[in-house]
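As a plain string of letters, each chain reads:
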Amino acid sequence: MTVPADGCPGAAADGHRLTDLRRFADARGNLAVIECGREVRFPVRRVYYMYGAGAGSARGAHAHRKLHQLIVAMQGSFEISLDNGRGRCVHRLDEPTRGLYLGPMVWRDMAEFSADSICFVLASECYDDADYIRDYESFLQELRG
Ligand code: TYD
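So, here's what we can say about the structure. Keep in mind that this is a model prediction, so the values were computed, not measured.

Section: the pattern of salt bridges
Then, in step 1: Inspection of the entire model under this criterion finds nine salt bridges.
Then, in step 2: Taken together, the shared-partner salt bridges in this structure form one network comprising R22, E35 and E39.

Some points on the site of the ligand
Then, in step 1: Contacts to the ligand come from R46, Y48, R59, G60, H62, Y127, Y132 and R134.
Then, in step 2: In the environment of the ligand, an oxygen atom lies 3.3 Å from a nitrogen or oxygen atom belonging to the side chain of H62.
Then, in step 3: Alone, the ligand offers 530 Å² of accessible surface; in the complex the protein occludes 57% of this.
Then, in step 4: Going through the elements one at a time, β4 (46-51) and β5 (59-64) are the ones with two or more residues in the shell around the ligand.
Then, in step 5: Sorting elements by how many residues they give to the shell around the ligand places β5 first, with three residues.
Then, in step 6: The residue makeup of the shell around the ligand, split by class, is three nonpolar, two polar and three charged.

Observations regarding the sheet that holds strand β6 (residues 69-75)
Then, in step 1: Overall, antiparallel pairing links the five strands, which are arranged β1-β9-β6-β11-β4 in an open sheet. A strand with exactly one partner marks an edge of an open sheet, and here the two such strands are β1 (16-20) and β4. Strand-to-strand, the axes of this sheet are offset by a mean angle of 25°, without reference to chain direction.
Then, in step 2: With six bridges joining them, β6 and strand β11 (residues 118-123) adopt antiparallel strand pairing.

Overview of the nonpolar core
Then, in step 1: Ranked by internal contacts, the top residues of the largest apolar core, which has 15 residues, are I71, F78, I80, L82, L93, L102 and C119.
Then, in step 2: Of all elements in the fold, only β6, β7 (78-83), β8 (88-93), β9 (98-102) and β11 reach the threshold of two or more residues within this core.
Then, in step 3: For this core, the element with the most residues is β7, which contributes three residues.
Then, in step 4: Apart from the residues within four sequence positions on either side, L93 is in contact with L18, I71, A73, G76, S77, F78, I80, R98 and L100.
Then, in step 5: One finds L21, L70, V72 and L122 within the second-largest nonpolar core, a separate group that totals eight residues.

Points about the sheet that holds β8
Then, in step 1: If you trace the five strands from one edge of the open sheet to the other, you get β8-β7-β10-β5-β12, paired in antiparallel fashion. Where the open sheet ends on each side, the last strands, each with one partner, are β8 and β12 (132-133).
Then, in step 2: Where β7 and strand β10 (residues 107-111) come together, five bridges link them in antiparallel fashion. Note on β10: the bridge partner recorded for D83 is W107.

Section: the packing of aromatic side chains
Then, in step 1: Under the counting rule described, the total for this entry stands at eight aromatic pairs.
Then, in step 2: Taking 5.8 Å as the distance between ring centres and 40° as the angle between the ring planes, the aromatic pair formed by Y136 and F139 counts as tilted. Taken together, the positions of Y136 and F139, both in helix α1 (residues 136-144) and three residues apart, correspond to about one turn of that helix.
Then, in step 3: What makes Y136 partly exposed here is its relative accessible area of 24%.
Then, in step 4: Overall, F139 belongs to the buried group, its relative accessible area being 0%.
Then, in step 5: Each member of the aromatic cluster is reached from another via a ring pair, and the members are Y49, Y51 and F120.
Then, in step 6: Here R17 stacks its cationic end above the ring of Y101, 4.9 Å away from the centre of that ring.

Criteria and cut-off values
- Numbers given to residues run from 1 along each chain, matching the order in which its sequence is written.
- Per-residue local features of the predicted model are confined to residues with pLDDT of at least 70, and side-chain atom pairs are confined, for both listing and counting, to 80 or more; whole-chain, interface and lining totals are unaffected and use all residues.
- Hydrogens and waters are ignored; side-chain quantities use all the structure's heavy atoms.
- Any Lys or Arg side-chain nitrogen found within 4 Å of a carboxyl oxygen on Asp or Glu counts as a salt bridge.
- Consider each residue's heavy atoms; a residue with any of them within 4 Å of a molecule or strand counts as near.
- For this analysis, a polar contact is any N or O atom pair within 3.5 Å, provided that within protein one partner can donate a hydrogen and the other can accept it, and provided that sequence-adjacent residues contribute only side-chain to side-chain pairs.
- Where accessible areas are quoted, they stem from the Shrake-Rupley method and a 1.4 Å probe; at the residue level, only the protein chains shown are allowed to cover.
- Going along the chain from the N terminus, every DSSP run of H or I of four or more residues is numbered as a helix, and every run of E of two or more is numbered as a strand.
- Three categories are distinguished: nonpolar for Ala, Val, Leu, Ile, Met, Phe, Trp, Tyr, Cys and Pro, charged for Asp, Glu, Lys and Arg, and polar for the others, with Gly belonging to the last.
- Should DSSP find at least two bridges between two strands, the strands are taken to pair.
- Here an axis means a line fitted to C-alpha atoms, over the contact stretch when the element is a helix, while the angle between two N-to-C directions is reported on a 0 to 180 degree scale.
- Side-chain atoms within 4.5 Å link the members of a nonpolar core, which is a set of buried Ala, Val, Leu, Ile, Met, Phe, Trp, Tyr and Cys residues.
- Between buried and exposed lies partly exposed: a residue is buried under 20% and exposed over 50% of the maximum accessible area for its type, with that area taken using a 1.4 Å probe on protein chains only.
- The contact rule is simple, with two residues in contact once any of their heavy atoms fall within 4.5 Å.
- Two rings belonging to Phe, Tyr or Trp (six-membered ring only in the last case) form a pair when the distance between their centres is within 6.5 Å. Interplanar angles under 30 degrees mark stacking, angles over 60 mark edge-to-face geometry, and anything in between is tilted.
- Distance and angle both matter: a charge sits over a ring if NZ of Lys or CZ of Arg is within 6 Å of the ring centre and within 35 degrees of the ring normal.

The structure is reproduced here in structure tokens:
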């Protein structure tokens, strides 16, 4: 399946959504807001961020059983490939005012990190290794129930 780098083919990969964050710009610069109940509809129990990406590095390669997340390229850019078992798409995140919401059971692969990238993630739960599915075939099996 050929996937456009700038979006999704139709609604093939539900379980995710691009969200524009509120931005307040004035002579001092920009201020962007992520507020529970507005930009995110889940309680934020954890924040983490990835930075200092090495050349050619790849991350992700997993899905979550229950976790909701909002991912923002706070600086620089990276690509995130999504797969919900029925369709795939690729998004390039490169704006600090664009959030990518990911719901449960969406396989994600991340690559093409710029050296200056900061991948900022809001998550609905504390870290729980048992929430991860790291084997793609197991992911498909769990989807089929
Ligand atoms: P990992 O899950 O490999 O990151 P990704 O799949 O997004 O590339 O996480 C790397 C390490 O960090 C791993 O030892 C688990 C740990 N970690 C935490 O302790 N807490 C967290 O919230 C996250 C996301 C990872």
